[in-house]
Amino acid sequence: MAPVGGTAVQDHVALAEIELCGELIIAASAAEDRLSLESIDEVLRVAEERSPG
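Residues numbered from 1 in each chain as written. Predicted model: local features only at pLDDT ≥ 70, side-chain atom pairs only at ≥ 80, totals over all residues. Heavy atoms only, no water.

Chemist: Looking at this model, I keep getting lost on the overall build of the chain. Mind explaining?
Modeler: On a plain count of helices and strands, the chain comes out with three helices and zero strands. Reading the secondary structure of the chain in the N-to-C direction produces α-α-α. Among the 53 residues that make up the chain, the fraction classed as buried is 6%. (Helix = DSSP H or I, 4+ residues; strand = E, 2+ residues; numbered from the N terminus. Buried < 20%, exposed > 50% of the residue type's maximum accessible area, 1.4 Å probe, protein only.)

Take a look at the structure:
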């Protein structure tokens, strides 16, 4: 049984992954065809992770 009193634990990595999945779903539903790898990278902001700075 879960303890009472608001002891919720937040997993920030899991929340970020869920947000990215949601963004992919939105992009896929708005697209007329399958998303290209470049489009997926753009939605997931992969280029931002790879760029120095």
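Continuing now.
Chemist: How should I be thinking about helix α1 (residues 12–30) in this particular structure?
Modeler: One turn of an α-helix holds 3.6 residues; hence residues three or four places apart share an orientation. Compared with the 27 Å implied by 1.5 Å per residue over 19 residues, the 27 Å span of α1 between its first and last C-alpha is a close match. In this structure D11 caps α1, since a side-chain oxygen of it lies 3.2 Å from the backbone nitrogen of V13. (Expected span 1.5 Å × (residues − 1). Polar contact = N/O pair within 3.5 Å; in protein donor to acceptor, adjacent residues only side chain to side chain.)

Chemist: Would you explain the environment of L20 in this entry?
Modeler: Note on placement: L20 falls in helix α1. Taking the relative accessible area as the measure of exposure, L20 reaches 26% and is therefore partly exposed. Measuring from C-alpha to C-alpha, the distance between L20 and R45 comes to 9.3 Å, with 25 residues separating the pair along the chain. In this structure L20 touches V43, L44 and R45, once residues within four positions along its chain are discounted. (Contact = heavy atoms within 4.5 Å.)

Chemist: Got a minute to help me understand unusual backbone geometry in this structure?
Modeler: Most peptide bonds take the trans form, and the phi angle of most residues other than glycine is negative. A positive phi angle, near 55°, is found at R45, a position not held by glycine. Among the structural elements, R45 can be located in the loop between α2 (37–43) and α3 (46–50). The partly exposed category is assigned to R45, whose relative accessible area is 34%.

Chemist: Is there a simple way to think about the environment of D41 in this case?
Modeler: With respect to the helices and strands, the residue D41 is situated in helix α2. A relative accessible area of 31% means that D41 is categorised as partly exposed. Not counting residues within four places of it along the chain, the set of residues in contact with D41 comprises V46 and A47.

Chemist: Honestly, the confidence of the model for the chain in this entry has me stumped. Any pointers?
Modeler: Interpretation of the predicted coordinates at a detailed level should be avoided for regions scoring low in pLDDT. Within the chain, residue pLDDT values average 83, and 72% of them lie at 70 or more. The least confident element of the chain is α3, whose mean pLDDT is 68; the most confident is α1, at 94. (pLDDT = per-residue confidence, 0-100.)

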